[in-house]
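A structural walkthrough
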Amino acid sequence: MTSTQALVETLYLHLPEGTVGAAAQAAPVNKDLQLTLQFLPALVIIVVASGLCGRLAVLLRQPRVLGEMVAGILLGPTLFGALLPGVHAQIFTPEVKSILYLLGTVGLTLYMFLVGVGIDHGHPSAGKSARTVSSVAAFGIALPVLLGAGCAVAFYDSLSRPNVSVVEFALFLGGALSITAFPMLARIVYERGIEHTRLGRIALLSASVDDAVAWCILAVLSAIHMGSSEHALMTIGLAALFAVVMLFGVARLLRPLGRRVERTGEMGWDALFLVVALVLLSGYFTDYIGIYSVFGGFIAGAAMPRSLAFRQAIQSRMMEAVSVLLLPVFFVYSGLNTNFEGFGWGGIMAFVIILAAGFIGKYVGCATAMRVTGFSWRESAAMGALMNARGLMILIFINIGLAEGMINQTVFAILVLVAVVTTGAALPLYRWSISLGFEQELKSIENGGDIVPQLAIKD
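Residue numbers run consecutively from 1 along every chain, following the written order of its sequence. Selection of residues for local features in this predicted model requires a pLDDT of at least 70, selection of side-chain atom pairs for listing and counting requires 80 or more, and totals for whole chains, interfaces and linings are taken over all residues. To obtain the side-chain values, all non-hydrogen atoms of the structure were used and water was disregarded.

On to the overall build of the protein. When its secondary structure is counted, the protein shows 22 helices and zero strands. Buried residues are those whose accessible area, probed at 1.4 Å on protein chains only, stays under 20% of the maximum for their type, while exposed residues exceed 50% and partly exposed ones sit between those limits. Put simply, the protein has 459 residues, and 54% of those count as buried. Residue pairs at least 24 apart in sequence account for 81% of intrachain contacts in the protein once pairs closer than 6 positions are excluded. Summed over all atoms, the accessible surface of the protein reaches about 19900 Å², with 68% contributed by carbon and sulfur. Only runs of H or I of at least four residues qualify as helices and only runs of E of at least two qualify as strands under DSSP, and these elements are numbered from the N terminus. We call two residues contacting when some pair of their heavy atoms lies within 4.5 Å. The Shrake-Rupley method, run with a 1.4 Å probe, gives the accessible areas here. Residue values count only the displayed protein chains as cover.

Structure follows, in structure tokens:
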């Protein structure tokens, strides 16, 4: 340890527990104040680290969200915790982690609501894309699951827990590799400005289907692991019922709100309170029944009025605050649970093979589905690249598996690296695809709506 590290450790470790300075020492004992004084330094560190890493990612022509993801991992035990373990433990206490989890979950739920609001499924090309969406989603699940299951069988003896069967391990690894990180793909799509293009809509809808299926696989696996198949069936049934009620019932009730916003051009405070309450309630319900709250937020967004004025009003009110403050908290919380300790040569070899299986499964599967439904090779390659972004959703998936004893720390570390590499490769591969003359296709508008040309290639 260097003298600087020792000095920093000494300064932090000699502070009274739960305080950050003389003012806090002199004040009467106040648990709420102490928790605030613990939490705010952690929040400042998160915002600064996320901003710096996000900026670096942009300079490297990567999506900002990848930098935020890496910032989360670096603030965890991988770097910060390894270099300054005492300081790390003092800043990211169990109480602070609990608050970060709550804020991050709320932020992700609100962001996915905004993504759901932004999808224009009433666009003239939406119906034409239904066959493609179902094909991309099906191929994007089937091939990664098969390849992941093959890897699981091959590495079962060396990587699996002894109390987990081959079938469970195979389904878990296949399910993890079938994930396309819906939130991260959405960030990439929005940062590229292709959210209103047919390619962007197909990617978002296909990713949402793939993730929903992956979470259903995890729900079934958890039920099998805990010995209750009835609970898994009830979860899936309730999720389907929730989607139907929101998209066909609540959506109809919200139409007058959409007409009022379209007429006035703005969203009042009362309407905003109503919308946020509905989003949080939707996230709570899906979390309660066993499907992650991100899907509750997305379905709530999809149930909102479809007018352009409403979409612009709600996004102008919420998008920046959610993206700048709440989403980085979610990324960092996930990174705090990532630890590469004990990752040896056997883990490296397994990582390379599992990475290849995950990448080939998504890229080839989704690109093939696009091609057989009539898209060009350039569009197909672009879709394969986008759908390979796995991001933090796979980390959530494997954190649940680790907590429930379905995988060990080595498998967890392997899949974290898979998430980082595949997500980092997504945007360069997308650019490579569009560089093959695809720019001219993006600038054309066929039959009223393949793309929004002025936003299609925005960095």
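So that's the structure; there's more coming.
Here we take up the pattern of salt bridges. Each salt bridge in this description consists of a side-chain nitrogen of Lys or Arg and a carboxyl oxygen of Asp or Glu lying within 4 Å of one another. Counted by the stated rule, this structure contains one salt bridge. Asp210 is the salt-bridge partner of Lys362, the closest N and O atoms lying 2.6 Å from each other. One end of the pair, Lys362, is in helix 18 (residues 345–372); the other, Asp210, is in helix 12 (residues 198–226), and 152 residues separate them in sequence. Residue Lys362 is classed as buried on the basis of its relative accessible area of 0%.

This part takes up the confidence of the model for the protein. Confidence of the predictor at the level of single residues is captured by pLDDT, which takes values from 0 to 100. Here the protein shows a mean pLDDT of 78. Residues at 70 or above account for 81%. Confidence, read as mean pLDDT per element, is least for helix 1 (residues 3–13) in the protein (46) and greatest for helix 10 (residues 166–177) (90). Counting contacts from residues 6–13, a segment whose pLDDT is below 50, to residues more than four positions away or on other chains yields 13 contacts. For the stretch residues 15–21, pLDDT sits under 50, and the model shows 13 contacts to residues farther than four places along the chain or on other chains.

To estimate how far a helix should extend, the number of its residues minus one is multiplied by 1.5 Å. With 12 residues, helix 10 extends 16 Å from end C-alpha to end C-alpha; this agrees with the ideal 16 Å at 1.5 Å per step. Counting buried positions along helix 10 gives nine out of 12 residues, so the element sits mostly inside the fold. Within helix 10, burial applies to Glu168, Phe169, Ala170, Phe172, Leu173, Gly174, Gly175, Ala176 and Leu177.

This next bit is on the packing of aromatic side chains. The geometry of an aromatic ring pair comes down to the distance between the two centres and the angle between the two planes. For this analysis, a ring pair means two rings from Phe, Tyr or Trp (six-membered ring only for Trp) whose centres lie within 6.5 Å, classed as stacked if their planes differ by under 30 degrees, edge-to-face if by over 60, and tilted for the remaining angles. With the rule as written, the count across this model stands at seven aromatic pairs. With a centroid separation of 6.4 Å and an interplanar angle of 85 degrees, the aromatic rings of Phe80 and Phe92 are classed as edge-to-face. In this pair, Phe80 is assigned in helix 5 (residues 80–83) and Phe92 in the loop between helix 6 (85–91) and helix 7 (94–118), connecting sequence segments 12 residues apart. Look at Phe80 and you get buried, because its relative accessible area is 14%. Note on Phe92: relative accessible area 3%, which makes it buried. Here Phe172 and Phe397 contribute two aromatic rings whose centre-to-centre distance is 5.0 Å and whose plane-to-plane angle is 45 degrees, an arrangement assigned as tilted. With Phe172 in helix 10 and Phe397 in helix 20 (residues 391–403), this residue pair connects regions lying 225 residues apart in the sequence. Here the two residues Phe172 and Phe397 agree in accessibility, since each one is buried. Think of it as a cone above the ring: NZ of Lys or CZ of Arg counts as a charge over the ring if it is within 6 Å of the ring centre and within 35 degrees of the ring normal. Sitting over the face of the ring of Trp269, Arg317 holds its NZ or CZ atom 4.8 Å from the ring centroid.

As a packed pair, helix 18 and helix 19 (residues 377–386) sit with axes 7 Å apart at the nearest point and diverge in direction by 145 degrees. Helix-helix and strand crossings are classified by hand; for helix 18 and helix 19 the assignment is right-handed. The residues of helix 19 that touch helix 18, namely those facing Lys362, Tyr363, Cys366, Ala367, Met370 and Arg371, are Trp377, Glu379, Ser380, Ala381, Met383, Gly384 and Ala385. Asp, Glu, Lys and Arg are counted as charged, while Ala, Val, Leu, Ile, Met, Phe, Trp, Tyr, Cys and Pro are counted as nonpolar; the rest, among them Gly, fall into the polar class. For the contact of helix 18 with helix 19, a count of residues per class yields eight nonpolar, two polar and three charged. Lines fitted to C-alpha atoms define the axes here, with helix axes fitted over just the stretch in contact, and angles between the N-to-C directions of these axes take values from 0 to 180 degrees. Handedness of each helix crossing follows the sense of rotation of the near helix against the far helix: counterclockwise by less than a right angle gives left-handed, clockwise gives right-handed.

Distance and chemistry together define a polar contact, namely a pair of N or O atoms within 3.5 Å, with one atom able to donate a hydrogen and the other to accept it when in protein, and with adjacent residues in sequence counting only for side-chain atoms on both sides. One polar contact links the side chain of Lys362 to the main-chain carbonyl oxygen of Gly140, over a distance of 2.9 Å. The residues contacting Lys362, other than those within four sequence positions of it, are Gly140, Pro144, Leu177, Ser178, Ile179, Thr180, Asp210, Ala367, Gly384, Met387, Asn388 and Arg390.

A few words on helix 19. Since one α-helical turn is 3.6 residues long, residues separated by three or four positions face the same way. The buried fraction of helix 19 is high, at eight of 10 residues. Looking at helix 19, one finds that the buried residues are Glu379, Ser380, Ala381, Ala382, Met383, Gly384, Ala385 and Leu386.

Together, Trp345, Ile348, Met349, Val352 and Ile353 make up an exposed nonpolar region whose accessible area comes to about 540 Å². Relative to the elements of secondary structure, Val352 occurs in helix 18. Nonpolar side chains (Val, Leu, Ile, Met, Phe, Trp, Tyr) within 5 Å and like charges within 9 Å form the patches, drawn only from residues with over 30% relative accessible area and no salt bridge.

The interhelical angle for the contact between helix 7 and helix 16 (residues 293–302), taken along N-to-C directions, is 30 degrees, at an axis separation of 7 Å. Here helix 7 is positioned roughly parallel relative to helix 16, judged by the angle of their axes. Remark: the crossing between helix 7 and helix 16 carries right-handed chirality. Along its contact with helix 7, which presents Thr105, Leu108, Thr109, Met112, Phe113, Val115, Gly116 and Val117, the element helix 16 presents Ser293, Val294, Gly297, Phe298, Ala300, Gly301 and Ala302. A per-class count over the contact of helix 7 with helix 16 returns nine nonpolar, six polar and no charged. With respect to orientation, any angle under 35 degrees is reported as roughly parallel, any angle over 145 as roughly antiparallel, any angle of 65 to 115 as roughly perpendicular, and every other angle as oblique.

Attention shifts here to the nonpolar core. For our purposes a nonpolar core is just a set of buried Ala, Val, Leu, Ile, Met, Phe, Trp, Tyr and Cys residues, chained together by side-chain atoms within 4.5 Å. One finds Phe113, Ile314, Ile398 and Leu415 to be the most contacted residues of the largest nonpolar core, which totals 117 residues. Ranked by residue count, the leading element in this core is helix 21 (residues 409–435), at 11 residues. The residues touching Leu415, leaving out its near neighbours within four places in the chain, are Phe172, Leu173, Ala176, Leu177, Ile354, Ile394 and Ile398. Leu43, Leu75, Val87 and Leu336 belong to the second-largest nonpolar core, a separate cluster that totals 18 residues.

Let us now look at the environment of Ala181. With respect to the secondary-structure elements, Ala181 resides in the loop between helix 10 and helix 11 (182–192). Take Ala181: its relative accessible area is 1%, and that puts it in the buried class. Residues Ala181 and Asp210, 29 residues apart in the sequence, show an inter-C-alpha distance of 9.2 Å.

Turning our eyes to something else, we now look at a positive patch on the surface. Charge counting follows a simple rule: Lys and Arg are positive, Asp and Glu are negative, and His as well as the terminal groups are ignored. A charged residue contributes its charge at one atom only: NZ of Lys, CZ of Arg, CG of Asp or CD of Glu. A contiguous patch of positive charge, built from Arg252, Arg255, Arg259, Arg260 and Arg263, is present on the exposed surface. Examining the composition of the positive patch, we find that four residues originate from one element, helix 14 (residues 255–264), more than from any other. Relative to the helices and strands, Arg263 resides in helix 14.

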